[in-house]
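What the coordinates show
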Amino acid sequence: MANLGISHTHVNQYGSVPAKKPVTTRHRIQTAIHVTFFTAAFLFVVAMVCGVVG
């Protein structure tokens, strides 16, 4: 690859990689809710395919 004169140790300061933000409680709650809904929907589809529901 081309040598652009930027070493890998200094790439982050130019904004090419998004900065990591600390995880907030709200973000954790939203993630838990999304995982719960996704799991419920997946299990519902599996139940429909297997003939348990419907």
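Residues numbered from 1 in each chain as written. Predicted model: local features only at pLDDT ≥ 70, side-chain atom pairs only at ≥ 80, totals over all residues. Heavy atoms only, no water.

**Observations regarding the UniProt feature "transmembrane region" (unreviewed entry) in the protein**
When the UniProt feature table is mapped onto this chain, "transmembrane region" (unreviewed entry) is found at residues 32–53. Summarising residues 32–53: 86% helix, 0% strand, and an end-to-end C-alpha distance of 25 Å. (UniProt positions renumbered as here; feature names shortened; annotations may be inferred. Helix = DSSP H or I, 4+ residues; strand = E, 2+ residues; numbered from the N terminus.)

**What to know about a nonpolar patch on the surface**
On the surface, Phe44, Val45, Met48, Val49, Val52 and Val53 cluster together into a nonpolar patch covering about 590 Å² of accessible area. Locating valine 49 in the fold gives a position in helix H1 (residues 25–50). (Patch = residues over 30% accessible without salt bridge, like charges linked within 9 Å, V, L, I, M, F, W, Y side chains within 5 Å. Areas by Shrake-Rupley, 256 points an atom, 1.4 Å probe, with all protein chains shown as cover. Salt bridge = Lys/Arg side-chain N within 4 Å of Asp/Glu carboxyl O.)

**A look at H1**
Along an α-helix, residues three or four apart share an orientation, since each turn contains 3.6 residues. Counted at 1.5 Å a residue, the expected span for H1 with its 26 residues is 38 Å, and the 37 Å between its end C-alpha atoms agrees. Phi for glycine 51, located one or two positions after H1, is positive at around 85°. (Expected span 1.5 Å × (residues − 1).)

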